[in-house]
Amino acid sequence: MAKKSTKRKAAEEKKEVVLKSKEELSEEAEDSSENEEEDLLQKVNEADGDSTDDEGIEQNYHSDDSVLEFESDDEGNFTSIKAKGAGEEEDDQEEGSDEEDSIDEADIEDISGEEEEEDADDEEDDAEEEDSEDEVQTLKEKAKDNKVEEQIIKKKEKKPKTPSAKPANAAKALEDFNNELNKGEKPKKGATTANGTSKQYNEYENSDTSDEEDIRNTVGNIPMHWYDEYKHIGYDWDAKKIIKPPKGDQIDDFLRKIEDPNFWRTVKDPQTGQEVVLTDADIELIKRINSSRIPNPEHNEYEPWIEWFTSEVEKMPIKNVPDHKRSFLPSVSEKKKVGRMVHALKMGWMKTMEELEKEKQAKRGPKFYMLWETDTSREQMRRIHDPVSAPKRDLPGHAESYNPPPEYLFDEKEQKEWLKLKDEPHKRKLHFMPQKYRSLREVPAYPRYLRERFLRCLDLYLCPRTRRVKLNIDAEYLIPKLPSPKDLQPFPTVESLVYKGHTDLVRSVSVEPKGEYMVSGSDDKTVKIWEIATGRCIRTIETDDVVRCVAWCPNPKLAIIAVASGNRLLLINPKVGDKMLVKKTDDLLAEAPQIDTLESDRIKTAVQWATAEPAEQEKGVRLVITHFKPIRQVTWHGRGDYIASVMPEGANRSAIIHQLSKRRSQIPFAKSKGLIQCVLFHPIKPCLFVATQHNVRIYDLVKQELIKKLLTNSKWISGMSIHPKGDNLLVSTYDKKILWFDLDLSTKPYQTMRLHKNAVRSVAFHLRYPLFASASDDQSVIVSHGMVYNDLLQNPLIVPLKKLQTHEKVEEFGVLDVCWHPVQPWIFSTGADQTIRLYT
């Protein structure tokens, strides 16, 4: 097979040389015969020694007008040669033996790759080589004998000159095809070339058909974004993939925009992805279309009009048909229409042009009419349904008389008060000052007469002239029916105990989870532990600063109290109750866990953990957490392992969460959302409630994102408490309001209660009973019933029950904090009067 392929290549090369030599001979024969000989011989000799080939390059020639179509395989060999047109095939068969540049069909079939026996192929290849050598030898002899001109004349005589004639040989066809590609034009049918040959006429050149378009991509009219995930953009006519051109980034586009002068006229073909540079003609066409002009500039839109039909009125009619008899009789439909118009004119529904013009002129003039009913227009007012009579003035009294009794005259005091209300005359009892004259002749003219008449007319004009129906609604229908407080027992009603011992106002109070002991913090820098049943102070722990908040750990297995004293958070073992529980708590706090992770500088500068000194250890202090700002509030998580502390002055580090078991702290917020007042842990979910001055934000501690923002519409939030089920929230504000939020319902308050006359300091839910309480600076503690139903469609029931007011007021301060007993329906309150009171 290798031998076979080499022989075919050699035969093809020699054929190409023959074709080239024939073309050059035909062109140079007209100039001189001597120069022709030398050039021809030189080219033939050079062609014999040429060994270059074009392997690996696919060569496809497609043209509507070309005679032959050559296709090559992967090795560069011609696989098929197809002749177009029946007439051309017959001409080629007739001239197969006469013309030296003709190609035999048997040779074409052999080259196309049909498998035959090797012996027959070798013989055919040898015959082809001998034929090509003979042709070259004969050409040399013809060039030497100067007989080229005679052969050219004979060939022209042999070839018939018809409109459908094709080039005489394959070389001429290839030459014409290349010239057409270079010029970018297709020869028209019947056109004659310079060599005398006729070109084929393109019947689609001036038509609107889409067959003449050069469509390389054969995918059809489909969305091209289907190929976004592939490397190719479609398929060509040979069913080969059209690879997408490389795409540059924005920097490449910018550089091309700067460097390439044709960037502004470059567009991308969506079918192939190639970039096409628009010509001046294309740009001119686009400009004409954008400016709403005719795309073809050669088209004259103002051509002379061809008058197909005459515009002159003919004297004689085109058709001479006599009129029908009914055309001389009046129409019945027109008679009815005229009758309706006459009836409308009589009834006044339709008016003439004169009457309409008079009405228009009457409307343009001024209109005068009476605002109120009078004696003259009684009949007209009677027609109006339910007329409104003009308000009547009050009859004059004794004070308006020219000679009033002495008791109606002003004394000096009344006269001063009347003159004092000069800027506010509407507050005067009388709009004048009564005066006394001896007779009616001495009464002077009233100076405010015109003004009063004007105000009277103004009152009549601006008085509303509609009747308002008053609704007689009883107050019982507006106020919802609430159950009786007797049906909502038990709730605290009386004061049972007063705990005295502090020397300054008591700010905070907290109760043990079992309900046996209580802890309180005061401005006298002491923390006192009380026995609830007896009212005895068991232990007093002194601190270095004011105690602003105390919180007993809600976990009953731990005996720890968190105390906020100045900048320090003290974890104290109260040493009360079960001794085993006290010892277990000391052992737990004594062991310092190993910290694997390194804390950031942001946390180190804000919080430092330390073990208490021996002097404080004797008092019960076990751990000291030092903060960089004063602590306002401390709250525990339900499990008793996490503590949250609030420092309003700490900006973005104002809220810090401490973990007791690992002795580490973390700052949950990176940015400050406002001055944080207090925080709360959700009793069930891993959520944190953060109250700023105006709003309450709920954060998910696991996902670390904001869940909800509650809008309080208040000036300053003082405290908050969450329901044990976690679906409702109470917020107290310094502007005398208590806000109940239903977290499943809305971000706005479900109910706003204004029960106090002064700022509300604290609110608290009971853990077991449907009760909540609020403490205010008006020295009162108001206990309310707040029932939350399991049915989500039923709203909570809120009923105020009892107002407990036994505290004394000290420098505008009243009750500062409230706390419920964990088991009983008892409530503890702390006040500025240095006492703690128990209501049962």
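See the structure shown above.
A quick note: this is a predicted structure, and the numbers were derived from the prediction, not measured.

Honestly, the sheet that holds strand 10 (residues 506–511) in this entry has me stumped. Any pointers?
Pairing between the strands of a sheet is mediated by backbone hydrogen bonds and can be parallel or antiparallel. A sheet is described by the order of its strands in space; here 4 strands give the open sequence 10-11-12-13, paired in antiparallel fashion. Only two strands of the sheet have a single neighbouring strand rather than two, namely strand 10 and strand 13 (536–542). Here the strands of the sheet are splayed against their neighbours by 20 degrees on average, with no regard to which way each runs. Note that strand 12 (residues 526–531) and strand 13 share 6 bridges and pair antiparallel. The partner of K528 across the bridge, within strand 13, is T540.

Could you clarify how one ought to interpret the side chain of S522 in this entry?
Within the fold, S522 resides in strand 11 (residues 517–522). Since its relative accessible area comes to 0%, S522 is described here as buried. The contact partners of S522, leaving out residues within four places of it in the chain, are H502, D504, L505, V506, R507, V546 and V547.

Is there a simple way to think about the pairing of strand 31 (residues 760–765) in this case?
The two faces of a sheet get side chains in turn, since along a regular strand they alternate between them. In terms of burial, strand 31 is a largely internal element, 5 of the 6 residues being buried. Two elements, strand 31 and strand 32 (residues 771–776), share 5 bridges in a ladder whose sense is antiparallel. When the bridges of strand 32 are listed, S762 appears paired with A775. Hairpin connection between strand 31 and strand 32: a loop of 5 residues separates the two successive antiparallel strands.

Can you walk me through the side chain of K737 in this structure?
Topologically, K737 is positioned in the loop between strand 28 (728–733) and strand 29 (738–742). You can call K737 buried: its relative accessible area is 9%. Only 3.1 Å separates the side chain of K737 from the backbone oxygen of N713, close enough to count as a polar contact. Apart from residues lying up to four places away in sequence, K737 is in contact with T712, N713, S714, V731, S732, T752, M753, R754 and V760.

Before we go on, may I ask you to explain the sheet that holds strand 19 (residues 633–636) in this structure?
Strand order in the open sheet formed by 4 strands is 19-20-21-22, and the pairing between neighbours is antiparallel. The sheet is open, and its two borders are formed by strand 19 and strand 22 (664–666), each paired with just one other strand. The average undirected angle you get between the axes of adjacent strands in this sheet is 25 degrees. As defined by bridge partners, strand 19 adjoins strand 20 (residues 642–646) across 4 bridges and the pair is classed as antiparallel. Paired with V634 across the bridge in strand 20 is S645.

Even after reading the chapter, I still don't get the nonpolar core, so can you show me in this structure?
Burial of nonpolar side chains together is a common tendency in soluble globular proteins. Counting residues in hydrophobic clusters, the biggest one holds 23 residues, and the most contacted among them are I560, L569, L571, V634, W636 and L660. Listed by contribution, the elements that provide at least two residues to this core are strand 14 (547–552), strand 15 (561–565), strand 16 (568–572), strand 18 (621–627) and strand 19. Apart from residues lying up to four places away in sequence, I560 is in contact with A551, W552, C553, L571, I572, P574, T585, L589, W636 and L660.

Quick question: what am I supposed to make of the pairing of strand 16 here?
Taking burial as the measure, the 5 residues of strand 16 include 5 buried ones, the bulk of the element. Burial of strand 16 is two-sided: the residues R568, L570 and I572 facing one way and the residues L569 and L571 facing the other way are all buried. Where strand 15 lies against strand 16, 5 bridges are found, and the strand directions are antiparallel. The partner of S565 across the bridge, within strand 16, is R568. Linkage of strand 15 to strand 16, two consecutive antiparallel strands, is achieved through a turn of 2 residues, within which G566 is found at a positive phi near 65 degrees. The pairing of strand 16 with strand 18 spans 5 bridges and is antiparallel. The partner of R568 across the bridge, within strand 18, is T626.

Calculation notes
Residue positions within a chain follow its written sequence, with the count starting from 1. With pLDDT at 70 or above as the cut-off, local features in this predicted model cover only qualifying residues; side-chain atom pairs require 80 or more to be listed or tallied, and sums for whole chains, interfaces and linings still use all residues. Think of the side-chain values as coming from all heavy atoms in the structure, minus any hydrogens and water. A pair of strands counts as paired when DSSP detects no fewer than two bridges linking them. Under the scheme used here, helices are H or I runs from DSSP no shorter than 4 residues and strands are E runs no shorter than 2 residues, and both carry numbers assigned from the N terminus. Helix axes are fitted to C-alpha atoms over the stretch in contact, other axes to C-alpha atoms as well, and angles between N-to-C directions run from 0 to 180 degrees. For every residue, the accessible area (1.4 Å probe, protein chains only) is compared with the maximum for its type, and the residue is labelled buried under 20%, exposed over 50%, or partly exposed between those bounds. Note on definitions: a residue-residue contact is assigned when non-hydrogen atoms from the two residues lie within 4.5 Å. Whenever two N or O atoms come within 3.5 Å, that pair is a polar contact, provided that in protein one can donate a hydrogen and the other can accept it, and provided that, for residues adjacent in sequence, both atoms are side-chain atoms. Here, the term nonpolar core denotes a set of buried Ala, Val, Leu, Ile, Met, Phe, Trp, Tyr and Cys residues that are joined through side-chain atoms within 4.5 Å.

Any functional reading would require information beyond the geometric quantities listed.
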